[in-house]
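Residue-level structure breakdown
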Amino acid sequence: MKNVADVIIEGIDELVTVDPGDDTREEGDLGLIRDGAVALGGGEILAVGRSREITETYRLTKGGMRLNGQGQVLLPGFVDPHTHVVFGGSREHEFEMRICGSSYQEIAARGGGIRATVSAVRQTPAEELLEAGLRRLDRMLCYGTTTAEAKSGYGLSLESEIKLLEVARDLNDRHPVDLVSTFLGAHEVPEEYVHRKEEYIDLLVDEMIPEVVRRDLAEFCDVFCEEGVYTREESRRILSSASKAGLKPKIHADEFTNQKGAELAVEIGATSADHLLAISGQGLNALRESRVIPVLLPGTCFSLGLDSYAPAREMLQWGLKVALGTDLNPGSSMTESMPMITTLACVMLHMTPAEAIVGATLNAALAVDRADQVGSVTQGKKADLILLDMPSFRYLPYHYGVNLVDKVIKNGRLVVDGGRRVQHGDNP
Ligand code: NIG
Ligand code: FE
C-alpha cells in the first residue's frame, strides 16, 4: 500500500533541500538531490528523495496535483528576514538626489529620509496602506518569498504605530506570504520630540511597548542604533524593556557608523543584528561567541551607492550563519527581490552561490526564529517551495535582474504559476 500525497513534484533536475541529510546528497549545506522529488500533504512536506523512491512509495490523492520539475531547480521558499514592507508614499526623488551627489544623511537632515515617510504614513488611511502592502506581497511571492519579516517604524506615535502593525496583521491574514511582525517604534526620533528625545523613549517604554504586547501585535522589537538616532545606551534601555515585556530583540546595528551595536546584540541576546557594515573586530568576536544571526542587506549599500559592504567573508570564515534580506523600504532599498539580493551577495559580499542560497533560506529563517517551520525542504516543515526555470542552482545569482521563478507553492498550494499569481478567490 502506497502512502497518499496531495501534491507530488517529480523529475526535478536539482532539488536543493538546504538540508545536508544523508551522504547521498551533494553540495554540502545545500543538500542537493539530482532527479529529485517531494511529496506534500496537509500543507506539509511528507517526503523528500530521488524521484524513483518517492513515486514508488507515494500515490496522489483524488484531485491531487502532480508536477514535473524537468529543466527546473526546486528551492525552499525564500525567507526575507528584514523588511519595512508597510509604508505609504515613495521617495524616488531622494534616489535621484543621491545620484546627483547628496548622501542619505544629508537628505534626512533636509527633511527627507525616514521622517518624510512618517508624514506620508500618518496621512494615509489603513485601507490604502493595506492595498499597497498587498501589491508588494504579490511581487515578493512572484519572486519566491514565502515568509517575510515586517517592521513598523514609520508611524512613531502610539496611534500610527498601532495602525502599521494592524495593517501587517491584516496582510498576514489576507495574503499567502507569512509575515513575522516587528515593532520598530525606535526607527527615528519623531519630529515633535526632536528636542526631547528622552520623553519619546519614556513613551516607547511606558506606553507603546506595553500596548503592542497587550494587543499581541508583534513578536520582535527592533531599534535603529545609529549616530544621530538612538545611542547604544538608549537602544539597550528600549530593547531590555521590550524583552521584559515579551518581545524578542533585533537591532539595526553598525549600519553607517560603529556604535558597538553587534556587541549590544550579543549582550541582550538579540535574535539578529542587521546591516553590520561598520562592525569592528571586537563586534565580530562577540558574534562568534553567540547565537545572534548576522543579517546582511547588500541591496541597501547598492541602492545608496556606498563603497563599503559588510564583512561577510570574515563572518563565514568564523562559522557565523550569515542571513540575507532585502531591507525593502522606500528610502534605502526599494526591492522585493530576494534573487537580486543573492546576486549582490555574490558580487559585493563575495559569498558563493551556495552560501547565498543558505543565507536567503535557512539562515534567514533562523533570523526570524522560524527555522523549525521553514527555510529548508525537510520532512515535517511547511510545504513552501519554489520551482525555477534554470539548469542549476548557480543560475540564481548568475542570471540576474530577471525573474526565473516559475511556480511557488505555499502551504502545499500553488500560488504562483508561470511567474504569475494564481487567485484562489477569498481563501488566501
Ligand atoms: O534599514 N536604517 C534604517 N532604516 C532603513 C531605512 C529606512 C528609510 O530610509 O526609510 C534601513 O536602511
Ligand atoms: Fe531596515
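Residues numbered from 1 in each chain as written. Chains lettered and ligands numbered in written order. Predicted model: local features only at pLDDT ≥ 70, side-chain atom pairs only at ≥ 80, totals over all residues. Heavy atoms only, no water.

Another point: unusual backbone geometry. Positive phi, close to 45°, is recorded for D35, a residue that is not glycine. Considering the arrangement of structural elements, one finds D35 in strand β2 (residues 32-41). By relative accessible area, which is 38% here, D35 ends up partly exposed. (Helix = DSSP H or I, 4+ residues; strand = E, 2+ residues; numbered from the N terminus. Buried < 20%, exposed > 50% of the residue type's maximum accessible area, 1.4 Å probe, protein only.)

Once that is clear, we can look at the domain arrangement of the protein chain. Per the domain assignment, the segments of the protein chain are domain 1 (3-76 + 376-421) and domain 2 (78-367). Using only C-alpha atoms to locate each centre, domain 1 and domain 2 end up separated by 30 Å. Listed per partner, the contact involves 27 residues of domain 1 and 22 residues of domain 2. Of the roughly 2000 Å² buried at the junction of domain 1 and domain 2 (both faces included), carbon and sulfur atoms supply 73%. Area buried by domain 1 at its contact with domain 2 is led by L396, P397 and R421, which between them contribute 27% of it. The tally of links between domain 1 and domain 2 comes to 3 salt bridges. Ionic pairing is found between D178 and K382, a salt bridge with its closest N-O pair at 2.7 Å. Linking domain 1 with domain 2 are 6 residue pairs in polar contact (both at pLDDT 80 or more). Of the residues that constitute the side of domain 1 that touches domain 2, the class distribution is 15 nonpolar, 4 polar and 8 charged. (Domains from an automatic or database assignment. Contact = heavy atoms within 4.5 Å. Buried area = accessible area lost by both parts, 1.4 Å probe. Salt bridge = Lys/Arg side-chain N within 4 Å of Asp/Glu carboxyl O. Polar contact = N/O pair within 3.5 Å; in protein donor to acceptor, adjacent residues only side chain to side chain. Nonpolar A, V, L, I, M, F, W, Y, C, P; charged D, E, K, R; others polar.)

This paragraph deals with helix α13 (residues 338-349). For α13, the tally of buried residues reaches 9 of 12 residues, placing the bulk of the element in the interior. What α13 keeps buried is the set M338, P339, I341, T342, T343, L344, A345, C346 and L349. Positive phi appears at H350, one or two residues downstream of α13, with a value of about 60°.

Attention now goes to the packing of α13 against helix α14 (residues 353-360). Interaxial distance between α13 and α14 falls to 9 Å at its minimum, and their mutual angle equals 135°. Taken together, the axes of α13 and α14 lie oblique to each other. Handedness of the crossing formed by α13 with α14: right-handed. Here M338, T342, A345 and C346 of α13 come into contact with α14, specifically with P353, A356 and A360. Taken together, the residues of the contact of α13 with α14 break down into 6 nonpolar, 1 polar and no charged. (Axes fitted to C-alpha atoms, helices over the stretch in contact; angles between N-to-C directions. Parallel < 35°, antiparallel > 145°, perpendicular 65-115°, else oblique. Left-handed = near helix turned anticlockwise from the far one by under 90°.)

A few words on the packing of aromatic side chains. Counted according to the given criterion, the structure contains 3 aromatic pairs. On the numbers, 5.4 Å between centres and 25° between planes, the contact of Y104 with F256 is stacked. In this pair, Y104 sits in helix α3 (residues 104-109) while F256 sits in the loop between β10 (248-253) and α9 (261-267), placing the two residues 152 residues apart along the sequence. Judged by centre distance (5.1 Å) and plane angle (85°), the ring pair of Y395 and Y398 falls under edge-to-face. Highlighted residues: Y395 and Y398, both in helix α16 (residues 395-398), separated by 3 residues, approximately one helical turn. Given the relative accessible area of 58%, Y398 is considered exposed. Taking NZ or CZ as reference, R136 lies 3.5 Å from the ring centre of F87, over its face. One Lys or Arg, K250, reaches over the ring of F220 and ends 5.0 Å from the middle of that ring. (Phe/Tyr/Trp six-rings, centres within 6.5 Å; stacked < 30°, edge-to-face > 60°. Lys NZ or Arg CZ within 6 Å of the ring centre and 35° of its normal.)

In this section: the site of ligand 1. Taken together, 16 residues are adjacent to ligand 1, and R91, Y104, Y154, E255 and S332 come closest. Calculation on ligand 1 without its partners gives an accessible area of 320 Å², and the protein chains cover 100% of this total. Looking at side-chain class alone, the shell around ligand 1 contains 4 nonpolar, 9 polar and 3 charged residues. (Near = heavy atom within 4 Å. Areas by Shrake-Rupley, 256 points an atom, 1.4 Å probe, with all protein chains shown as cover.)

Moving on: the coordination of the iron ion (ligand 2). Distances from the iron ion (ligand 2) to its protein donors, namely H82 (NE2), H84 (NE2), H252 (NE2) and D327 (OD), fall within the range 2.1 to 2.4 Å. Every donor residue of the iron ion (ligand 2) comes from the same chain, spaced as H-x1-H-x167-H-x74-D. Residue H252 is located in strand β10, and its partner D327 is located in the loop between β13 (323-324) and α13; the two are separated by 75 residues in the primary sequence. Here H252 matches D327 in class, with each residue buried. (Donors = N, O, S within 2.8 Å, 3.2 Å for Na, K, Ca; no water.)

Here 8 strands make up an open sheet; going across it, the order is β6-β7-β8-β9-β10-β11-β12-β13 and the pairing parallel. Taken across any chain shown, the strands that pair with only one partner, and hence form the sheet edges, are β6 (78-80) and β13. Where strand β8 (residues 178-186) meets strand β9 (residues 220-224), 3 bridges bridge the pair, whose relative direction is parallel. Pairing of F183 across the sheet is with C221, part of β9. (Pairing = 2+ DSSP bridges.)

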